[in-house]
2 protein chains.
Amino acid sequence: MIRTDERRPTSEGVRAAAEAVAAILPPTPLLPVEIGRVRAWVKADNLQPIGSFKIRGAWWRLSSLAPEERAAGVVAVSSGNHAQGVAWSARRLGIRATIVMPHDAPQVKLANTKALGADVVLYQRPREDRDAVAARLIAEQGGTLVHAFGDPWVIEGQGSAAIEIAAQLGRSPSRIIACCGGGGLAAGLSLGAPESAVHPVEPFGWDMVGRAMAAGTIVHAAPDAPKTICDALQPTATKPLNLAVLIDRAEAGVTVTDDEVRAAQRFAFANLRLVLEPGGAAALAAALAGKVPLDPDTVIMLTGGNADPAAFAATIAGSD
Amino acid sequence: MIRTDERRPTSEGVRAAAEAVAAILPPTPLLPVEIGRVRAWVKADNLQPIGSFKIRGAWWRLSSLAPEERAAGVVAVSSGNHAQGVAWSARRLGIRATIVMPHDAPQVKLANTKALGADVVLYQRPREDRDAVAARLIAEQGGTLVHAFGDPWVIEGQGSAAIEIAAQLGRSPSRIIACCGGGGLAAGLSLGAPESAVHPVEPFGWDMVGRAMAAGTIVHAAPDAPKTICDALQPTATKPLNLAVLIDRAEAGVTVTDDEVRAAQRFAFANLRLVLEPGGAAALAAALAGKVPLDPDTVIMLTGGNADPAAFAATIAGSD
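Residues numbered from 1 in each chain as written. Chains lettered and ligands numbered in written order. Predicted model: local features only at pLDDT ≥ 70, side-chain atom pairs only at ≥ 80, totals over all residues. Heavy atoms only, no water.

**Topic: the overall build of chain A**
Stage number 1. Helices and strands together make up the secondary structure of chain A, namely 13 helices and 10 strands.
Stage number 2. Against the compact-globule benchmark of 20 Å for 320 residues, chain A has a radius of gyration of 18 Å, which places it among compact chains.
Stage number 3. Residue burial in chain A is summarised as follows: out of 320 residues, 60% are buried.
Stage number 4. Nonlocal contacts in chain A, meaning residues at least 24 apart in sequence, comprise 69% of its contacts between residues at least 6 apart.
Stage number 5. For chain A, the accessible surface area stands at approximately 11,900 Å², while carbon and sulfur atoms represent 52% of it.
Stage number 6. One finds the centroid of the 30 positive side-chain charges in chain A at a distance of 3 Å from the centroid of its 32 negative side-chain charges. (Helix = DSSP H or I, 4+ residues; strand = E, 2+ residues; numbered from the N terminus. Rg over C-alpha atoms; globule rule 2.2 N^0.38 Å. Buried < 20%, exposed > 50% of the residue type's maximum accessible area, 1.4 Å probe, protein only. Contact = heavy atoms within 4.5 Å. Areas by Shrake-Rupley, 256 points an atom, 1.4 Å probe, with all protein chains shown as cover. Lys, Arg positive; Asp, Glu negative; His and termini not counted. Charge placed at Lys NZ, Arg CZ, Asp CG, Glu CD.)

**Here's the deal with the side chain of T144(A)**
Stage number 1. Mapping T144(A) onto the fold places it in strand 6 (residues 144-146).
Stage number 2. Those residues in contact with T144(A) that lie beyond four places of it in its chain are R61(A), L65(A), E69(A), G73(A), V74(A), V75(A) and I138(A).

**Overview of the domain arrangement of chain A**
All names here are of chain A.
Stage number 1. Under the domain assignment used here, chain A contains domain 1 (9-53 + 152-317) and domain 2 (56-146).
Stage number 2. For domain 1 versus domain 2, the separation of C-alpha centres amounts to 22 Å.
Stage number 3. On the domain 2 side, the residues contacting the 31 residues of domain 1 number 20 residues.
Stage number 4. Note on domain 1 versus domain 2: buried area summed over both sides is about 2,100 Å², and carbon and sulfur give 58% of it.
Stage number 5. Broken down residue by residue, the surface that domain 1 buries against domain 2 is led by I24, I50 and W153, which jointly contribute 31%. (Domains from an automatic or database assignment. Buried area = accessible area lost by both parts, 1.4 Å probe.)

**A few points about the interface of chain B and chain A**
Note on interface size: it is often stated as the accessible area lost on association of the parts.
Stage number 1. Between chain B and chain A, the contact holds 22 residues from the first and 22 residues from the second.
Stage number 2. When chain B packs against chain A, the two sides together hide about 1,800 Å² of surface, and 68% of this comes from carbon and sulfur.
Stage number 3. Taken together, the links from chain B to chain A amount to 0 salt bridges.
Stage number 4. For the pair chain B and chain A, the number of links is 8 residue pairs in polar contact (both at pLDDT 80 or more).
Stage number 5. Mapped by element, the contributors of at least two residues to the side of chain B that touches chain A are helix 11 (258-272) and helix 13 (309-316) of chain B.
Stage number 6. Counting residues per element, the side of chain B that touches chain A draws most heavily on helix 13 of chain B, at 4 residues.
Stage number 7. Across the side of chain B that touches chain A, the residue classes tally to 15 nonpolar, 6 polar and 1 charged. (Salt bridge = Lys/Arg side-chain N within 4 Å of Asp/Glu carboxyl O. Polar contact = N/O pair within 3.5 Å; in protein donor to acceptor, adjacent residues only side chain to side chain. Nonpolar A, V, L, I, M, F, W, Y, C, P; charged D, E, K, R; others polar.)

**Topic: the packing of aromatic side chains**
Stage number 1. This structure, assessed with the given rule, holds 6 aromatic pairs over all chains.
Stage number 2. Here the aromatic rings of F269(A) and F312(B) are separated by 5.1 Å at their centres, their planes lie at 55 degrees, and the arrangement is tilted. Separated into two different chains, F269(A) in helix 11 (residues 258-272) and F312(B) in helix 13 make up a pair that spans both.
Stage number 3. Here the aromatic residues F269(A), F312(A), F269(B) and F312(B) are joined through ring pairs into a cluster of three or more.
Stage number 4. Note that R7(A) overlies the ring of W153(A), its terminal NZ or CZ placed 4.4 Å from the centroid.
Stage number 5. The ring centre of W153(B) lies 3.8 Å from the NZ or CZ of R61(B), which sits over that ring. (Phe/Tyr/Trp six-rings, centres within 6.5 Å; stacked < 30°, edge-to-face > 60°. Lys NZ or Arg CZ within 6 Å of the ring centre and 35° of its normal.)

**Looking at the sheet that holds strand 1 (residues 30-35) of chain A**
Residue and element names in this part refer to chain A.
Stage number 1. Read across the open sheet, the 6 strands follow the order 1-2-10-7-8-9; overall the sheet is mixed. Looking at the sheet topology across the chains shown, the edges are occupied by strand 1 and strand 9 (254-256). When the angles between neighbouring strand axes are averaged without regard to direction, this sheet yields 30 degrees.
Stage number 2. One ladder, built from 3 bridges, connects strand 7 (residues 175-179) with strand 10 (residues 298-302); its direction is parallel. Bridging from a neighbouring strand, I177 pairs with I300 of strand 10. (Pairing = 2+ DSSP bridges. Axes fitted to C-alpha atoms, helices over the stretch in contact; angles between N-to-C directions.)

**So, the relation of the copies chain B and chain A**
Stage number 1. Take chain B, turn it by 180 degrees, move it 0.0 Å along the axis, and it overlays chain A with an RMSD of 0.0 Å. Expressed as a symmetry operation, the mapping of one chain copy onto the other fits a two-fold axis. Of every C-alpha in chain B, the one belonging to A313(B) sits nearest the axis of rotation, 2.1 Å from it.
Stage number 2. A high fraction, 100%, of the interface residues of chain B reappear at the interface in chain A, so the copies pair face to face through one surface. (Least-squares fit on C-alpha atoms with pLDDT ≥ 70 in both.)

**Concerning the packing of helix 8 (residues 184-192) of chain B against helix 10 (residues 240-249) of chain B**
All names here are of chain B.
Stage number 1. Packing of helix 8 against helix 10 leaves a shortest axis separation of 9 Å and a crossing angle of 50 degrees. Comparing the axis directions of helix 8 and helix 10 gives the class oblique. In terms of crossing hand, the pair formed by helix 8 and helix 10 is left-handed. Residues G184, A186, A187, S190 and L191 of helix 8 form the contact with helix 10, whose participating residues are N242, V245, L246 and R249. (Parallel < 35°, antiparallel > 145°, perpendicular 65-115°, else oblique. Left-handed = near helix turned anticlockwise from the far one by under 90°.)

**What to know about the sheet that holds strand 3 (residues 74-77) of chain A**
Residues and elements named next belong to chain A.
Stage number 1. As summarised here, the arrangement of the 4 strands in space is 5-4-3-6, forming an open sheet in which the pairing is parallel. Taken across any chain shown, the strands that pair with only one partner, and hence form the sheet edges, are strand 5 (119-123) and strand 6. Averaged over all adjacent pairs, the angle separating strand axes in this sheet is 25 degrees, with direction ignored.
Stage number 2. Pairing of strand 3 with strand 4 (residues 97-102), which is carried by 4 bridges, proceeds in the parallel orientation. When the bridges of strand 4 are listed, V75 appears paired with T98.

**Quick word on the nonpolar core**
Nonpolar side chains tend to gather and get buried jointly when the protein is soluble and globular.
Stage number 1. Membership of the largest hydrophobic core comes to 62 residues, with the highest contact counts inside it found for L274(A), L284(A), I300(A), L274(B), L284(B) and I300(B).
Stage number 2. Excluding residues that lie within four positions of it along the chain, L284(A) makes contacts with I35(A), A264(A), F267(A), A268(A), L276(A), I300(A) and L302(A).
Stage number 3. With 34 residues, the next largest nonpolar core counts V14(A), L169(A), V245(A) and A250(A) among its residues. (Core = buried A, V, L, I, M, F, W, Y, C linked by side-chain atoms within 4.5 Å.)

**Some words on the pattern of salt bridges**
Residue and element names in this part refer to chain A.
Stage number 1. Within this structure, the stated rule accounts for 32 salt bridges over all chains.
Stage number 2. Between E156 and R7 there is a salt bridge whose closest N-O contact spans 3.0 Å. In this pair, E156 is assigned in helix 7 (residues 152-169) and R7 in the segment before helix 1 (11-24), connecting sequence segments 149 residues apart.
Stage number 3. The partly exposed category is assigned to R7, whose relative accessible area is 35%.

**Regarding helix 9 (residues 208-215) of chain B**
Stage number 1. Those residues of helix 9 of chain B that fall on the buried side of the exposure criterion are M208(B), V209(B), G210(B), A212(B) and M213(B).
Stage number 2. In this fold, the buried residues of helix 9 of chain B make contact with strand 8 (197-203) and helix 10 of chain B.

**Section: the state of the cysteines**
Stage number 1. Going through the model one piece at a time under the given rule, you end up with 0 disulfides over all chains.
Stage number 2. Free of any disulfide, C180(A) has its nearest cysteine sulfur in C179(A), 9.0 Å distant.
Stage number 3. Judged by relative accessible area, C180(A) falls into the buried class, the value being 1%.
Stage number 4. Between C230(B), a free cysteine, and C179(B), which holds the nearest cysteine sulfur, the sulfur-to-sulfur gap is 8.0 Å.
Stage number 5. Residue C230(B) is classed as buried on the basis of its relative accessible area, which comes to 1%. (Disulfide = S-S within 2.5 Å.)

Structural data, given as structure tokens:
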């Protein structure tokens, strides 16, 4: 077992997070999907108000802050979806939010984050270390760091999806296939659905969670890691808090290629009439590519729909 | 009151249809939408298994057939979504379905209808009269005509959406804004939501329902009617069965332009992460263009998501 000195996320915490989330957000739809000859399920968290599941963890973290912490504001680091989750929650709670985002984040995510009232600070990826930028901001202006995945409340909040799924399905799913960046969702689902097999799916070359689980220790992204269209799924490494849960409870990681992700986006467009961004289609891509076994109690997480219009147009027109 | 000798659709029939639909299809999501400073609702019937609300009326019609009628099969006429609704229902009930479709129907709709096991007979639009083609087929091979909108069961089935909406909202909506072709949905909603204002929305130049309501009699499309991107909303005329209900209960019709429809498709893509075909975005287009008043109890029907990939790509990329 990997040791950390921090507060650890728990199954009880996931259940408490699910109650807090249910108080402000209706459950996202659990929709049937036919893949080959199997009728499984998709959990459409791309239909959350900010277009991604990240609203869950952000809400649980920010709503758990003490009054004096709320008054000091929050600082978050994000490629875009966590940013919107924190900005949405902060606006609703009257908390000042500063978000550190990469200079090359999708325009739609930058614009949405600003529209939600957050202060956005850009950093140069990969030259600058985003955690260092955030630490400097907190040293300067105070506030609480809301990490995108290595935070017990954030992990518990993301896991609230598992509680909704079990209620909608009427039983524990056999397995949950989850898009995976830093491992916040996969860890949360593992705690929230202890009877289910949880399969993290990462972009090819960016399987920092799968490799860390196999190695039993944190693994960092190679400087020459291949490009991926999954902008939401490229953390430089997972965190001990996530890895401890995942080694204990999750299935081995799976990777998907850009072409498999695009095929999943096209499938969701044509068969589910849903818009998925690349990172939000990774779990579906693994299911369609036969990389995870499917059965009628399998749930595939659709985690984000903040797609760049030009890139999405090219993908569904089949020109890339 | 317009007289017909046919069975007339009723509010009781809509409630019975809603029970039949609920037995096989979970309610489609009612999702919040912010338009200007108003938070209203969208009813996402584009998320039905066939990608449109048409599954409702087709299921109620086909499941109401007597055993000897089922054995003789059904014949339907449709530009694509009713076709899929009939084909889906027929397959599930073990009924032979023949669908008369225009030669220029979107490929996605032709392919989906065939994939559902229906026999497809093409006719040349506008040279051939589709109702005559259907009548000839029935004379030759027998079977029951399942009209796309001028049928009491079809009208009642489409109205089942109103029963779902009231249950999801916890009260009657103030108004329902509905995409309108022949007037099946608008008539069904009028019967299913008698306390709500129902606003039919039609493409510019193809407002055969709005004009008929104003004239008090059936009005036929002009031979030189302008082109519209709303392939699902171009009937040549409404039917007396629909007009009788609509004159009695619905609000005056509203029209939307192709540009307004495209803007609504882009809005749904970026803000709701939903895929809408042009005809399925007409009601949202009217709401966004300020052509119907909005309030927090307004529900906007999103009626279809079977979008042609190339056309959708061009629309969201903003190149047309």
